[in-house]
Amino acid sequence: TRVSCGQGHSALTTLDGQLLTWGCNAHGQLGLGVGHQDVSYVPVPSVVSFSSSPSNSAHMAACGAHHTLLVSSSGGLLAAGWCQAGQLGLGVATELNAFSELREVAMSAVAGNVVA
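Residues numbered from 1 in each chain as written. Predicted model: local features only at pLDDT ≥ 70, side-chain atom pairs only at ≥ 80, totals over all residues. Heavy atoms only, no water.

Visitor: Where do I start with the overall build of the chain in this structure?
Guide: Regarding its fold elements, the chain presents 1 helix and 8 strands. Ordering the α and β elements of the chain from the N terminus gives β-β-β-β-β-β-β-β-α. Of all 116 residues assigned to the chain, the portion counted as buried reaches 35%. Sequence-distant contacts in the chain: of pairs separated by 6 or more residues, those separated by 24 or more amount to 37%. By element, 56% of the accessible surface of the chain is carried by carbon and sulfur atoms, the whole surface being about 6,400 Å². (Helix = DSSP H or I, 4+ residues; strand = E, 2+ residues; numbered from the N terminus. Buried < 20%, exposed > 50% of the residue type's maximum accessible area, 1.4 Å probe, protein only. Contact = heavy atoms within 4.5 Å. Areas by Shrake-Rupley, 256 points an atom, 1.4 Å probe, with all protein chains shown as cover.)

Here you go:
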């Protein structure tokens, strides 16, 4: 079990590969998905679905001030939340209310093209 804390939210990955998030969701950082963008606060840990594949589980999560990054068991890098300052590596200012895979960012990191 691993836990990470952001400015007002937290994420937990369990030994069996579930992702739980709770706290502030003002920018979609809990990754609750479509239909939940008006949910500003979740007071208790809630299981978050991030993949359509039942074999793909949560390996590790890291919280920033208003965003959450997730590494899946398949090696994918996913993100949810605020991206007004480029913290999600998308190249555009936006908010993601559901976890989205950052394929290009992950591939660049594997190739060693990440600027430290």
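Here the narrative resumes.
Visitor: Help me understand the environment of Ala 62 in this model?
Guide: Relative to the assigned elements, Ala 62 resides in strand β5 (residues 58-63). Sequence spacing of Ala 62 and Ser 4 is 58 residues, and the spatial spacing of their C-alpha atoms is 5.4 Å. Filtering out sequence-adjacent residues up to four positions away, Ala 62 remains in contact with Ser 4, His 67, Thr 68 and Leu 69.

Visitor: Can you walk me through the pairing of strand β3 (residues 19-24) in this structure?
Guide: Sheet faces and side chains relate simply in a regular strand, where the side chains alternate between the two faces. Pairing of strand β2 (residues 9-13) with β3 involves 5 bridges; the strand directions are antiparallel. Counterpart to Thr 13 in the pairing with β3 is Leu 19. The loop that links β2 with its antiparallel partner β3 comprises 5 residues; one of these, Gly 17, has a positive phi angle of about 90 degrees. (Pairing = 2+ DSSP bridges.)

Visitor: I tried to follow the side chain of Thr 13 on my own but got confused; where do I start?
Guide: Examined against the element boundaries, Thr 13 turns out to sit in strand β2. Dropping the residues within four chain positions of it, Thr 13 is found in contact with Thr 1, Arg 2, Gln 18, Leu 19, Ala 58, His 59, Met 60, Ala 61 and Leu 70.

Visitor: Even after reading the chapter, I still don't get the sheet that holds strand β1 (residues 2-5), so can you show me in this structure?
Guide: Across a sheet, paired strands are connected by hydrogen bonds in the backbone, their directions being either parallel or antiparallel. Here 4 strands make up an open sheet; going across it, the order is β1-β2-β3-β4 and the pairing antiparallel. Strands with a single pairing partner mark the edges of an open sheet, and in this sheet they are β1 and β4 (41-47). Averaged over all adjacent pairs, the angle separating strand axes in this sheet is 10 degrees, with direction ignored. Sheet topology note: the β1/β2 ladder contains 4 bridges and is antiparallel. Across the sheet, Cys 5 pairs through a bridge with Ser 10, a residue of β2. (Axes fitted to C-alpha atoms, helices over the stretch in contact; angles between N-to-C directions.)

Visitor: Looking at this structure, I do not really get the nonpolar core. What am I missing?
Guide: Taken as a class, soluble globular proteins show a tendency for nonpolar side chains to be buried jointly. Ranked by size, the top nonpolar core spans 11 residues in total: Ala 11, Leu 19, Val 48, Phe 50, Ala 58, Ala 61, Cys 63, Leu 70, Leu 78, Ala 80 and Phe 99. Taken together, the elements giving at least two residues each to this core come down to β5 and β7 (77-82). Looking at this core element by element, the count peaks at 3 residues for β5. With residues near it in sequence (within four places) discarded, Val 48 still touches Leu 19, Thr 21, Leu 30, Gly 31, Leu 32 and Phe 99. (Core = buried A, V, L, I, M, F, W, Y, C linked by side-chain atoms within 4.5 Å.)

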